Amino acid sequence: MRENPLVELRRRRRIRRMLRTMERLDRKPVRARRVRSTSRLRAVSAVVVLVAGLGAMGFRLTHTSGPPGWPQRPADASDSPLGQPPDVTTTGSFEFIQTQPGSDDPVTYDPCVPIHVVVNHRQDVPHADRILGSALEEVSQATGLQFVVDGESDESPTWDGDAGTADGWNPVLVAWSDPDEVVDLKGNVAGVGGSTSRAVGRHQWFVTGTVALDGPRARRILARDPDGEAMVRAIVMHELGHLVGLAHVDDERELMQPHGSRMTTWGPGDRAGLAALGSGDCVDY
Ligand SMILES: [Zn+2]
């Protein structure tokens with residue numbers, strides 16, 4: 001969790017982009033807005049490349065272009081991992097959501113790039129920012145992955161594959177939502193989370209993702225339970241665990257156990273899995 005001028009710039013750019021699109025496409029569903037926005041941005045990038053080429057700035061383009069089919073190199077990418085996971089000596093149960101083809105190695109986020117996050121507050125809860133900030137910090141400490149909260153979004157949570165534009169991958173969306181908006185939250189489900197992967201050659205990376213939290217349920221937990229904030233934070237941590245690549249395990253000593261428990265922090269297996277998920281390769285831009 002940190003703010004820097006670059007992030008602020010990107011955030012302002014996104015908000016400007018969002019406002020422009022909203023003016024034009026008022027009352028269209030959110031999804032349609034984003035699709036329109038994507039194609040418009042592609043056109044803009046093509047123009048920028050042409051102008052830069054004429055200006056004999058080809059070296060910059062070579063330096064910043066991404067792998068085939070990928071956006072350009074993020075301006076805040078580093079040549080080495082931004083953080084390191086702690087040494088984990090405990091053992092326990094953990095499973096990865098996705099492994100590399102023909103291998104037990106997990107699919108991970110690129111540890112050389114911060115994971116940008118935007119938040120939809122439509123159904124948020126008292127102290128939502130504190131709870132999310134603390135949960136992100138727990139994931140960051142256990143993985144070494146760095147998160148940057150860029151600001152707010154009015155986007156609805158979806159998992160249908162629109163991962164980004166030539167300008168960059170979409171930021172991760174954390175949405176305080178409800179079962180009317182996200183059908184997966186119906187029944188005894190407090191949240192859902194997951195990420196989208198993309199390949200360079202045969203190696204896969206998570207590039208963006210979505211977490212949807214049942215705001216009304218979280219508000220009830222906060223209202224009735226003295227440990228409500230720790231419990232809601234645990235729900236957010238569990239979903240962020242999915243986001244960075246942990247799957248469920250049938251083990252009551254782990255937070256990634258699917259049926260809920262009184263656990264409010266990582267178990268030993270969670271920690272081992274998260275350390276592995278923070279130790280992936282960096283994308284070679
Ligand atoms: Zn789960």
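The sections below set out a description of the structure shown in this document. (Residues numbered from 1 in each chain as written. Predicted model: local features only at pLDDT ≥ 70, side-chain atom pairs only at ≥ 80, totals over all residues. Heavy atoms only, no water.)

1. A few points about the coordination of the zinc ion
The reference angle at a metal is 109.5 degrees if four donors form a tetrahedron and 90 or 180 degrees if six donors form an octahedron. Here the zinc ion is held by the protein donor atoms His 238 (NE2), His 242 (NE2) and His 248 (NE2), which lie 2.0 to 2.1 Å from it. When the donor residues of the zinc ion are listed from N- to C-terminus, their spacing reads H-x3-H-x5-H. Placement of His 238 in helix 6 (residues 228–244) and of His 248 in the loop between strand 10 (246–247) and helix 7 (268–277) is noted, with a sequence separation of ten residues between them. (Donors = N, O, S within 2.8 Å, 3.2 Å for Na, K, Ca; no water. Helix = DSSP H or I, 4+ residues; strand = E, 2+ residues; numbered from the N terminus.)

2. Quick word on the environment of Asp 281
With respect to the element layout, Asp 281 can be found in the segment after helix 7. Here the alpha-carbon distance between Asp 281 and Thr 108, two residues 173 residues apart in the chain, equals 8.0 Å.

3. So, empty space enclosed by the protein
With the rule as written, the count across this model stands at two cavities of 30 Å³ or more. Space inside the second largest cavity adds up to approximately 40 Å³. What lines the second largest cavity is Trp 176, Ala 190, Leu 213, Asp 214, Ala 218, Val 232, Ile 235 and Val 236. Counting residues per element, the ones that place at least two in the lining of the second largest cavity are strand 9 (203–214) and helix 6. Take the lining of the second largest cavity: its biggest share by element is three residues, from helix 6. Within the lining of the second largest cavity, the residues separate by chemical class into seven nonpolar, no polar and one charged. (1 Å grid on protein atoms, 1.4 Å probe; cavity = no way out; pocket = protein on both sides within 12 Å on 5 of 7 lines; lining within 4 Å. Points joined across faces, edges and corners; volume = space filled by probe spheres on them. Nonpolar A, V, L, I, M, F, W, Y, C, P; charged D, E, K, R; others polar.)

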